[in-house]
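One-letter residues, chain by chain:
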Amino acid sequence: DAGVIQSPRHEVTEMGQEVTLRCKPISGHDYLFWYRQTMMRGLELLIYFNNNVPIDDSGMPEDRFSAKMPNASFSTLKIQPSEPRDSAVYFCASSKEGYQPQHFGDGTRLSIL
Amino acid sequence: QKEVEQDPGPLSVPEGAIVSLNCTYSNSAFQYFMWYRQYSRKGPELLMYTYSSGNKEDGRFTAQVDKSSKYISLFIRDSQPSDSATYLCAMNWGNQFYFGTGTSLTVIP
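In this report, the structure presented in the accompanying data block is examined. (Residues numbered from 1 in each chain as written. Chains lettered and ligands numbered in written order. Predicted model: local features only at pLDDT ≥ 70, side-chain atom pairs only at ≥ 80, totals over all residues. Heavy atoms only, no water.)

Overview of unusual backbone geometry
Cut-off, in case you're wondering: Here a helix means four or more residues in a row that DSSP labels H or I, a strand means two or more in a row labelled E, and each is numbered from the N terminus.
The linkage connecting Gln80 of chain A with the following residue, Pro81 of chain A, adopts the cis geometry, with an omega of -5°. Here Pro81 of chain A shows up in the loop between strand 8 (74-79) and strand 9 (88-95). The linkage connecting Gly9 of chain B with the following residue, Pro10 of chain B, adopts the cis geometry, with an omega of 10°. Along the polypeptide, Pro10 of chain B turns up in the loop between strand 1 (4-6) and strand 2 (11-14). In this model, Asn52 of chain A sits at a positive phi of 75°, which is unusual for a non-glycine residue. Note on placement: Asn52 of chain A falls in the loop between strand 5 (42-50) and strand 6 (53-56).

Encoded structure:
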């Protein structure tokens, strides 16, 4: 079975630009999680969805960040406007039940110049 | 105090050595205990998970959970250069997951 698929793998853009990250969870998984990973802070949960509905977005750092899940097979994380401190690796993960171990994609490495 | 503590290393061992990776935690309500392996420029890959105290073995890997001490370990026997990666422990209470910061392991041929 295909794992979690993220795109793009790398994104380099200038400060102030809009950035959209995409994720396709594993088929049949009802939970989708967005994380950010940095050397200083490790993995941080940004937001998670259950059956396409956002459940907890308390980790979203600012109003510049937004996430949507229009259907069971697709989610986006958007940053507008982007800032250099948003540079990090962003991971999407999914699980069948919220309490079960999550499966991660290979991430999007984001660099804001 | 952090929910999960993990020594970041780095840890460097010769090929064939037994490796011990450890995490401590503070919340006695944690349910699943997981180990992820993360290669450079890849996502964390679920290696093993266990729901209870005791040992779980999978090939060269053994996961151990001691709930009384709030301590978990991952043992790698006959370590190989391909085991060189960062290992993250994780645990959860319901839908809340807590990750260690990862231990960087290098196995030298």
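With respect to the state of the cysteines
One covalent bond between the sulfur atoms of two cysteine residues makes up a disulfide. Keep this limit in mind: The criterion for a disulfide is a pair of cysteine sulfur atoms lying within 2.5 Å. Exposure is judged per residue with a 1.4 Å probe applied to protein chains only, and the accessible area is read against the type maximum: over 50% gives exposed, under 20% gives buried, and values in between give partly exposed.
Evaluated as defined, the whole model comprises 2 disulfides over all chains. Two residues share a disulfide in this structure: Cys23 of chain A and Cys92 of chain A, whose sulfurs sit 1.9 Å from each other. Judged by the torsion about the S-S bond (-65°), the Cys23 of chain A/Cys92 of chain A disulfide is left-handed. Of this pair, Cys23 of chain A sits in strand 3 (residues 19-24) while Cys92 of chain A sits in strand 9, and the two are 69 residues apart along the sequence. When its relative accessible area of 2% is taken as the criterion, Cys23 of chain A is described as buried. Cys92 of chain A gets classed as buried once you look at its relative accessible area, which sits at 0%. Each sulfur in the disulfide pair Cys23 of chain B and Cys89 of chain B lies 2.0 Å from the other. Residues Cys23 of chain B and Cys89 of chain B are joined by a disulfide whose S-S torsion is about -100°; by sign, that bridge is left-handed.

Let's talk about the interface of chain B and chain A
Buried accessible area, meaning the area lost when the parts come together, often serves as the stated size of an interface. Filter applied, for reference: What makes two residues a contact is simply this: any of their non-hydrogen atoms within 4.5 Å. Each of two parts loses accessible area, computed with a 1.4 Å probe, when they are put together; buried area is these two losses added. Only one rule defines a salt bridge in this text: a Lys or Arg side-chain nitrogen within 4 Å of an Asp or Glu carboxyl oxygen. A 3.5 Å cut-off defines polar contacts: any pair of N or O atoms within that distance qualifies, except that in protein one atom must be a possible hydrogen donor and the other a possible acceptor, and neighbouring residues in sequence count only when both atoms are side-chain atoms. Amino acid classes used here: Ala, Val, Leu, Ile, Met, Phe, Trp, Tyr, Cys and Pro are nonpolar; Asp, Glu, Lys and Arg are charged; the rest, including Gly, are polar.
Each side of the interface is counted separately: chain B has 17 residues, and chain A has 20 residues. Surface buried jointly by chain B and chain A totals about 1600 Å² across both partners, of which 54% is contributed by carbon and sulfur atoms. Summed over the shared surface of chain B and chain A, the result is 1 salt bridge. The interface formed by chain B and chain A holds 8 residue pairs in polar contact (both at pLDDT 80 or more) in total. Residue assignment for the side of chain B that touches chain A shows that the elements contributing at least two residues are strand 4 (33-38), strand 5 (45-50), strand 9 (85-93) and strand 10 (96-99) of chain B. Looking at side-chain class alone, the side of chain B that touches chain A contains 9 nonpolar, 6 polar and 2 charged residues.

None of the figures reported here should be taken as evidence of function without further support.
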